[in-house]
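Spelled out, the chains give:
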Amino acid sequence: MSKEALIKMLNRDFRDEHAAVLRYLIHAYQEGEDTVMGAGLLSRSREEMWHMHWLGMIICRLGGEPDFKPGPYPFDPTNRETILQSYIEYEEKLIPHYNDEADEVKDAHIKRVLQREAWESAIHARRFQRLLDKLSDKDRKAAVPAGDHELPEAFLKRLQKELASKYNEMLQHLRISWTFQKQGLRGWSLMDQAMEKMKHLALFAEEVAEDGALPEFKLGKIDRSMAIGIALEKALDDVEKAFDRHSRLAKNKEFASHGGLVMKMDLTLQQEAYQAAEMKEWLKRK
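The following refers to the structure shown. (Residues numbered from 1 in each chain as written. Predicted model: local features only at pLDDT ≥ 70, side-chain atom pairs only at ≥ 80, totals over all residues. Heavy atoms only, no water.)

**Topic: the overall build of the protein chain**
Then step 1. Secondary structure assignment for the protein chain yields 11 helices and zero strands.
Then step 2. Counting from the amino terminus, helix and strand elements in the protein chain follow one another as α-α-α-α-α-α-α-α-α-α-α.
Then step 3. At 20 Å, the protein chain has a C-alpha radius of gyration in line with the 19 Å of a compact globule built from 286 residues.
Then step 4. When its C-alpha atoms are laid out on the principal axes, the protein chain stretches across 60 × 60 × 25 Å. (Helix = DSSP H or I, 4+ residues; strand = E, 2+ residues; numbered from the N terminus. Rg over C-alpha atoms; globule rule 2.2 N^0.38 Å.)

Listed below in structure tokens is the structure:
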């Protein structure tokens, strides 16, 4: 298999794992992270993030660009039983898929990663089946929580916009870490920040889902700079702009009326200020 064909194959897998991350995250936010169902879904999404990470690392190490457009994730949202059955079927299909790909590649590390993707997909299918088996007949036939739709439309749109912005900021940071992985610490300097952005993202996504709307993970333009200095400057600009927007949002009357949001935003602002200060220090050393 040529390097170009291998990158193309891995990018298809990358898109599928990305789709799984988003599907399980959205459902987790709808159920509520403090519920058994929500906690289980959140755990699966984090494991899918590792799958996505391993593939992103390999793609960039081979000189490719990760395709951040999520693949399709077919599911039946009729009720909890049908939606979980969809998840089981999705994960089960990945088992032979990844094993077949592993048989096609010669690189020992890539082969092991694909084989691991296969057996972890098998575990995911079993865990979803276990989650389904534990549901009562009433909970099986119940729909995913729909919320009360109480938030003002303009405020809801603002939360969705901030969700999308933080999502893209996170992807941009991941891309930088993967692309510049061979530059040691400098190449990995944004990985921890990318993980923090997952929590920032949840600040908006949880509120949107709790109100009954679907969190919108809208993919924007990903910067593909091949110079680490330029990439870091772009990342710094994103963080500083987010800090400015969030400082103003924290003073919004509607936002201030939600105590939980205010507390989470306080932490987000402090972390964004910290992230900006760190990146400025890294840029001074370039």
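The discussion continues.
**Examining helix H4 (residues 108–134)**
Residue pairs three or four apart in sequence face the same way in an α-helix, which turns once every 3.6 residues.
Then step 1. With 27 residues, H4 ought to run about 39 Å at 1.5 Å a step, and its terminal C-alpha atoms sit 39 Å apart, in line with that.
Then step 2. Along H4, the positions that sit buried rather than exposed are Ile110, Val113, Leu114, Glu117, Ala118, Glu120, Ser121, His124, Ala125, Phe128, Leu131 and Leu132.
Then step 3. Contact partners of the buried residues in H4: helix H1 (3–31), helix H2 (36–61), helix H3 (80–104) and helix H5 (137–141).
Then step 4. The backbone nitrogen of histidine 109 has a side-chain oxygen 3.0 Å away, supplied by the residue at the start of H4, namely aspartate 107. (Expected span 1.5 Å × (residues − 1). Buried < 20%, exposed > 50% of the residue type's maximum accessible area, 1.4 Å probe, protein only. Contact = heavy atoms within 4.5 Å. Polar contact = N/O pair within 3.5 Å; in protein donor to acceptor, adjacent residues only side chain to side chain.)

**Quick look at helix H8 (residues 191–211)**
Then step 1. With 21 residues, H8 extends 31 Å from end C-alpha to end C-alpha; this agrees with the ideal 30 Å at 1.5 Å per step.
Then step 2. At alanine 202, H8 shows its maximal bend, which comes to roughly 30 degrees.
Then step 3. Most of H8 is tucked away: 16 of the 21 residues are buried.
Then step 4. Positive backbone phi, at 110 degrees, marks glycine 212, one or two positions downstream of H8. (Bend = angle between axes of the 7 residues up to and from the residue.)

**Topic: the environment of valine 144**
Then step 1. Within the element layout of this structure, valine 144 appears in the loop between H5 and helix H6 (153–179).
Then step 2. Residue classification places valine 144 among the buried residues on the basis of a relative accessible area of 16%.
Then step 3. Here the alpha-carbon distance between valine 144 and methionine 198, two residues 54 residues apart in the chain, equals 23 Å.
Then step 4. Not counting chain neighbours up to four residues away, the residues in contact with valine 144 comprise His27, Gln30, Glu31 and Ile83.

**Some details on the environment of arginine 158**
Then step 1. Secondary-structure assignment places arginine 158 in helix H6.
Then step 2. For arginine 158, a relative accessible area of 25% gives the class partly exposed.
Then step 3. C-alpha of arginine 158 to C-alpha of phenylalanine 204: the two residues are 46 residues apart in sequence and 9.2 Å apart in space.
Then step 4. Setting aside anything within four residues of it in sequence, one finds arginine 158 in contact with Arg245 and Leu249.

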